[in-house]
Amino acid sequence: MPKSFSNLGLTDTLQKSLANLQISIPTDIQQKTIPVVLNKEEDVVAVAKTGTGKTAAFGLPLLQLIDLKKKDIQAVILAPTRELGQQIYNNLISFKANNPEISIAGVFGGIPIKPQIERLKSNVHIVIATPGRLADLIKRNTINIKNIAYFILDEADEMVSAHKEGLDAIITEIPKSRRTLLFTATMPGAIKQLIQNYMSKHVIYIEADMAVLGHQGIDHRYVVVEPIEKLDVLLHFLNSKEGQKGIIFCKTKAAVNKLAKNLAINKFSSGALHGSLSQGIRDRIMEQFRNSHINILVATDLAARGIDVKDVLYVINYHLPDTYEAYVHRSGRTARAGAKGLSLTILQKEEVADIPEFENELGITFHKFEKANAESIQENNGLLWAKKIFKTKPNRSVSSEFKNKIHTVFHHLTKDELVEKVLANYLEQAGVEPIKQKTSNT
């Protein structure tokens, strides 16, 4: 039987905040981590997949451990992206609703630094930061983290690969006596090296029930395509999921831009997300995605870190990721908060041999997803063509005289006759055989 938060040693005020947020049952990583952080003094390494409640696992006990009598910054939480950092900030603000005296500041890259410097001049207990921005503030001598008691690394596996230089600069600045809490979804060699180099010899290792939580609710599938049909197969899939939220992952920024352009041409409600976009644009796209103004996000791996949208029903790997860690983080964007989701990987024939390696390393099973046949693809392309026409805005600059001439050509046709002729013209221009009428077997 699952424990309640009252059994984990949290104060009544924190429990009240959780109750107001309608959070009543702790997840496995929360059950295992919160008492350790509260009652032990050793460093902690916690391994848990995305979507398992890691923020509360370190955030709740950290809020309880803050000493309000001290004026110095007591804790630094590092996140690899601003999106994830902002998510952690918002969660901790919610958790401390009944502890207003605790002061939290967020310092992230991609937005003006001066307001952040001004914020740090007032009393701050907890700083949530991205590595690059924190390293910049240290260089400017506008933040003092020499006396912190707690150093938290969230999604550390991404930190050591994308932000190693900034991370090293930060670690040299903080006291050796601090307590380090490291949270990661995977344990690559770089993480093991970081633990060995920067954490104490006596580390408590915690692992969530990976078999239950790590991939619960995710249906892992792959579909094999020829390079020439890859986009058509994707468009067929997306059309079948009209109105549903999904994320498509590409390896590069150029690939994200190219695919997003193709989706826009075909009138899909979509947006692109990658590191070269300004923070303002990234924030606007994420807001549109969260509020369902767009349904499809095309993203690179790093740009999508910190996306915690509960109703993402599918994830598509348009390119097979280079690492197992990347697959874990990609697929973890769906099936969040106990929901179900699909993780579909689009492969070329020579890539199928990689699937058993992903299965063995991650402890998951992939099932084959049957791609649409040529007739269905053809029909789908016709439907997309029709939707493009339907969504095309009238050209108001066309002269009335020219419009009347066009009307004269078509005026004697019924609506059905016009549709049939336009469709026949489309099929002829596309160079495909007419779509045959389906016959019933009954």
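Residues numbered from 1 in each chain as written. Predicted model: local features only at pLDDT ≥ 70, side-chain atom pairs only at ≥ 80, totals over all residues. Heavy atoms only, no water.

Enquirer: Tell me about helix α15 (residues 355-362), and name the residues and values.
Expert: Among the residues of α15, I355, F358 and L362 are the ones counted as buried. Mapping the buried residues of α15 onto a view down its axis gives an arc of 65°, with all of them on the same face. Summarising the geometry of α15, the exposed residues directed more than 90 degrees from the buried face are N360 and E361. The first or second residue beyond α15 is G363, which carries a positive phi of 70°. (Buried < 20%, exposed > 50% of the residue type's maximum accessible area, 1.4 Å probe, protein only. Helix = DSSP H or I, 4+ residues; strand = E, 2+ residues; numbered from the N terminus. Arc of directions from axis to C-beta.)

Enquirer: Describe the pattern of salt bridges, and please don't skip the residues or the numbers.
Expert: Scanning all chains against the criterion turns up 14 salt bridges. Measuring nitrogen to oxygen at the nearest pair gives 3.0 Å for the salt bridge that ties R221 to D219. Relative accessible area serves as the criterion here: at 28%, D219 is assigned to the partly exposed category. Ionic pairing is found between K387 and E242, a salt bridge with its closest N-O pair at 3.2 Å. (Salt bridge = Lys/Arg side-chain N within 4 Å of Asp/Glu carboxyl O.)

Enquirer: Pulling in residues and values, what's your account of the environment of E207?
Expert: Topologically, E207 is positioned in strand β7 (residues 203-207). Residues in contact with E207, not counting those within four places in the same chain, are D28, K32 and V47. (Contact = heavy atoms within 4.5 Å.)

Enquirer: Could you give an account of the packing of helix α2 (residues 28-39) against helix α3 (residues 54-65), with specific residues and numbers?
Expert: Helix-helix packing is characterised by the crossing angle of the two axes and by the distance between the axes. It is at 9 Å that the axes of α2 and α3 come closest, and there the two elements cross at 25°. When the interaxial angle is binned, α2 and α3 end up roughly parallel. Between α2 and α3 lies a crossing whose hand is right-handed. When α2 is examined against α3, the residues I29, Q30, T33, I34, V37 and L38 are found in contact with a partner set consisting of K54, A56, A57, L60, P61, Q64 and L65. For the contact of α2 with α3, a count of residues per class yields nine nonpolar, three polar and one charged. (Axes fitted to C-alpha atoms, helices over the stretch in contact; angles between N-to-C directions. Parallel < 35°, antiparallel > 145°, perpendicular 65-115°, else oblique. Left-handed = near helix turned anticlockwise from the far one by under 90°. Nonpolar A, V, L, I, M, F, W, Y, C, P; charged D, E, K, R; others polar.)

Enquirer: Lay out the sheet that holds strand β13 (residues 341-347) with the relevant residues and their values.
Expert: As summarised here, the arrangement of the seven strands in space is β10-β11-β9-β12-β13-β8-β14, forming an open sheet in which the pairing is parallel. Strands with a single pairing partner mark the edges of an open sheet, and in this sheet they are β10 (270-273) and β14 (367-368). One ladder, built from seven bridges, connects strand β8 (residues 218-224) with β13; its direction is parallel. The residue of β13 that forms the bridge with I218 is G341. Packed on one face of the sheet, helix α12 (residues 253-265) meets β9 (245-249), β10 and β11 (296-299) and runs near 170° to β10. (Pairing = 2+ DSSP bridges.)

Enquirer: Would you mind going over the nonpolar core in detail, with residue names and values included?
Expert: Counting residues in each nonpolar core, the largest one holds 38 residues, and the members touching the most others are L60, I77 and I126. No other element matches α3, which puts six residues into this core. For L60, the residues in contact, after removing those within four places along its chain, are F5, L10, L14, L18, I34, T55 and F95. Ranked by size, the runner-up nonpolar core spans 34 residues in total, among them I145, I148, L167 and I170. (Core = buried A, V, L, I, M, F, W, Y, C linked by side-chain atoms within 4.5 Å.)

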